[in-house]
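# Observations on the three-dimensional arrangement
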Number of protein chains: 2
Amino acid sequence: MLRLSKRVEYGLIALRHFAAINDSTVCTAKEISQKYNIPHELLAKVLQKLSQARIIQSYQGVRGGYVLAHAPSKIKISDVINAIEHEKPMLAECYADGPASCIIFDDCTIRRPLGKIQKNINDFFHTMTIAEIV
Amino acid sequence: MLRLSKRVEYGLIALRHFAAINDSTVCTAKEISQKYNIPHELLAKVLQKLSQARIIQSYQGVRGGYVLAHAPSKIKISDVINAIEHEKPMLAECYADGPASCIIFDDCTIRRPLGKIQKNINDFFHTMTIAEIV
DNA sequence: GGAAAATACGACCGATTTTATCCGATTTTA
DNA sequence: TAAAATCGGATAAAATCGGTCGTATTTTCC
Ligand code: FES
Ligand code: FES
C-alpha cells in the first residue's frame, strides 16, 4: 500500500547511475541490470519509456546504449514517474479516473481532505530532481 | 500506484461519519455501508480492526453498534492506517520488510533519497487528525 | 427462555494489477 | 556480413486486493 512500482524504482536507479558517471559515456541496459541486479528485460522496457519521453538519449546498434538527455538537476522525479507510468500517482482512484470510476463518488466525504496530502506529495515529486539522489 | 487501499478509505469515511454526528449515538456497520454505498461485509471487517485498536468502541447485540472512543482531534490518520493495515505505508519494500526482502538491497542507490519523501508523507499522516476531515 | 439483531473471526474465491519473460524486428558498428 | 544493441508487442507468472461466505458470540426485546 502506498508503494512505488518496481518500474519507477528501476528507472530512478538507472537515472541515478547515469548522473553519477561521466556525461558522455553511454551505458547499456545490460550493464545496469547486472550492476544493480535488476531483471534485464524489464529494465530495458523502462529505459525505452524514458527514451521516448526524451529524458535519456538512445543510441542503437553495437556500441550503443543510453545517455542522459539533460542535466540531472533538470530532471524532476515527477517527469520520471509520468514517463514510466501512464497514470499519475493518486491516493484515491477518483482523482485519477474521474467521477465515473468510483462507485461511491457522490457519497464520498474524504476526497477533498485527502487532496491536501495529495498536493503535498505532488509538490515533492515536482521539486525533487535526479541531482538530489546522486 | 501510490494508492491508499479501499480499506483505509472506508475506514476514514466511517470515522468521519462518527465525528460528524452526535458522540453518544451508536451507528451500525449496516447503516454506514448503506449511506455511503460501501460493501457491508468489508466495512464490518474494517470497523472490527478499528475497534481492536481502541479507536472506536463496539457494542454488541441488538441495538448495538460503534461509537468513537476518543475526540476526533485525538485520532491521527496514521493511527487509522496502522490499525487497518498491519504494515506501514512505505514507498519501497526495503523500508518495510528489511534487507532480506529486497533482492537489490545492497546494490540499491535510491533508498536513502527516497527516505526524504517517505518522512514527509509520514509527518503528514502523523499530524492530520479526523477532526480536519469532518 | 427463545428469537432476532448485531458484532467477531477466519477462510476463501475472483478480478485486477504488477512483475517478469519471451520472441521477433530493426538499427548500427566492427 | 555478423554481432550487439535498442525496439515493441505478446504473453506468462506472481502478487495483491476487493469482496464474499459461513459460523460463532453477545445482547436486547418479546
Ligand atoms: S473514494 Fe472514490 S470518491 Fe472518495
Ligand atoms: S528498492 Fe529495495 S533496497 Fe532499494
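For the structure, check the block above.
Residues numbered from 1 in each chain as written. Chains lettered and ligands numbered in written order. Predicted model: local features only at pLDDT ≥ 70, side-chain atom pairs only at ≥ 80, totals over all residues. Heavy atoms only, no water.

Let us look at the overall build of chain A. Scanning chain A for helices and strands turns up six helices and two strands. N-terminal to C-terminal, the α/β element order of chain A is α-α-α-β-β-α-α-α. In chain A, the proportion of contacts linking residues at least 24 apart, taken out of those at least 6 apart, comes to 59%. On chain A, roughly 6,900 Å² of surface is accessible, and the fraction owed to carbon and sulfur atoms is 48%. Between the averaged position of the 17 positive side-chain charges in chain A and that of its 13 negative side-chain charges there is a distance of 5 Å. (Helix = DSSP H or I, 4+ residues; strand = E, 2+ residues; numbered from the N terminus. Contact = heavy atoms within 4.5 Å. Areas by Shrake-Rupley, 256 points an atom, 1.4 Å probe, with all protein chains shown as cover. Lys, Arg positive; Asp, Glu negative; His and termini not counted. Charge placed at Lys NZ, Arg CZ, Asp CG, Glu CD.)

Turning next to the protein's contact with DNA strand D. Near DNA strand D, the surroundings consist of 24 residues, among which A:A29, A:Q52, A:S58, A:Y66 and B:K6 are the closest. The sugar and phosphate moieties of DNA strand D supply 68% of its atoms located within 4 Å of the protein. In this structure, a phosphate oxygen belonging to DNA strand D sits 2.5 Å away from a side-chain N or O atom of A:S58. A distance of 3.2 Å separates a base oxygen of DNA strand D from a polar atom in the side chain of A:Q60. Of all the secondary-structure elements, those providing two or more residues to the surface near DNA strand D are α3 (40-52) and β1 (56-59) of chain A together with α1 (6-20) and α3 (40-52) of chain B. The element that contributes the greatest number of residues to the surface near DNA strand D is α3(A), accounting for four residues. Per-class residue counts for the surface near DNA strand D are nine nonpolar, ten polar and five charged. (Near = heavy atom within 4 Å. Polar contact = N/O pair within 3.5 Å; in protein donor to acceptor, adjacent residues only side chain to side chain. Nonpolar A, V, L, I, M, F, W, Y, C, P; charged D, E, K, R; others polar.)

With that settled, consider the nonpolar core. Ranked by size, the top nonpolar core spans 82 residues in total, and within it A:F18, A:L50, B:F18 and B:L50 carry the most contacts. Ignoring sequence-local partners within four residues, the contact set of B:F18 consists of B:C27, B:I32, B:L47, B:I56, B:Y66, B:V67 and B:L68. (Core = buried A, V, L, I, M, F, W, Y, C linked by side-chain atoms within 4.5 Å. Buried < 20%, exposed > 50% of the residue type's maximum accessible area, 1.4 Å probe, protein only.)

It is common to give the size of an interface as the accessible area lost on bringing the parts into contact. Contacts between chain A and chain B engage 43 residues on the former and 43 residues on the latter. Buried surface at the junction of chain A and chain B, both sides included, amounts to about 4,300 Å², of which 66% is carbon and sulfur. Summed over the three residues of chain A that lose the most area to chain B, namely A:M1, A:L2 and A:R3, the buried surface amounts to 20% of that side. Inspection of the region where chain A meets chain B yields two salt bridges. Between B:E87 and A:R3 there is a salt bridge, and its shortest N-O distance comes to 3.3 Å. The interface formed by chain A and chain B includes ten residue pairs in polar contact (both at pLDDT 80 or more). Elements with a minimum of two residues in the side of chain A that touches chain B: α1 (6-20), α2 (29-36), α5 (93-97) and α6 (111-127) of chain A. Among the elements that line the side of chain A that touches chain B, the one with the most residues is α6(A), at eight residues. Of the residues in the side of chain A that touches chain B, the class split is 28 nonpolar, four polar and eleven charged. (Buried area = accessible area lost by both parts, 1.4 Å probe. Salt bridge = Lys/Arg side-chain N within 4 Å of Asp/Glu carboxyl O.)

Within a regular beta strand, the side chains point alternately toward one face of the sheet and then the other, so they alternate between its two faces. Both strand β1 (residues 56-59) of chain B and strand β2 (residues 65-68) of chain B contribute to a ladder of four bridges, which runs antiparallel. Counted as the bridge partner of B:Q57 is B:V67 from β2(B). (Pairing = 2+ DSSP bridges.)

Given two aromatic rings, their pairing is described by the distance between the two centres and the angle made by the two planes. Per the stated rule, a full pass over the model turns up zero aromatic pairs over all chains. When the ring centre of A:Y36 is taken as reference, the NZ or CZ atom of A:K35 above it lies at 5.7 Å. (Phe/Tyr/Trp six-rings, centres within 6.5 Å; stacked < 30°, edge-to-face > 60°. Lys NZ or Arg CZ within 6 Å of the ring centre and 35° of its normal.)

Further remarks concern the relation of the copies chain A and chain B. Rotating chain A by 180° and translating it 0.0 Å along the rotation axis places it on chain B, where the RMSD comes to 0.1 Å. In short, the pair behaves as if placed about a two-fold rotation axis. In terms of proximity to the rotation axis, the leading residue of chain A is A:L2, whose C-alpha is 2.0 Å off the axis. (Least-squares fit on C-alpha atoms with pLDDT ≥ 70 in both.)

Let us now look at the pattern of salt bridges. All names here are of chain A. Applying the stated criterion to the full structure yields six salt bridges over all chains. A salt bridge links R7 to E85; the shortest N-O distance between them is 3.2 Å. In this pair, R7 sits in helix α1 while E85 sits in the loop between α4 (77-84) and α5, placing the two residues 78 residues apart along the sequence. On the basis of relative accessibility, which here comes to 9%, the residue E85 falls in the buried class.

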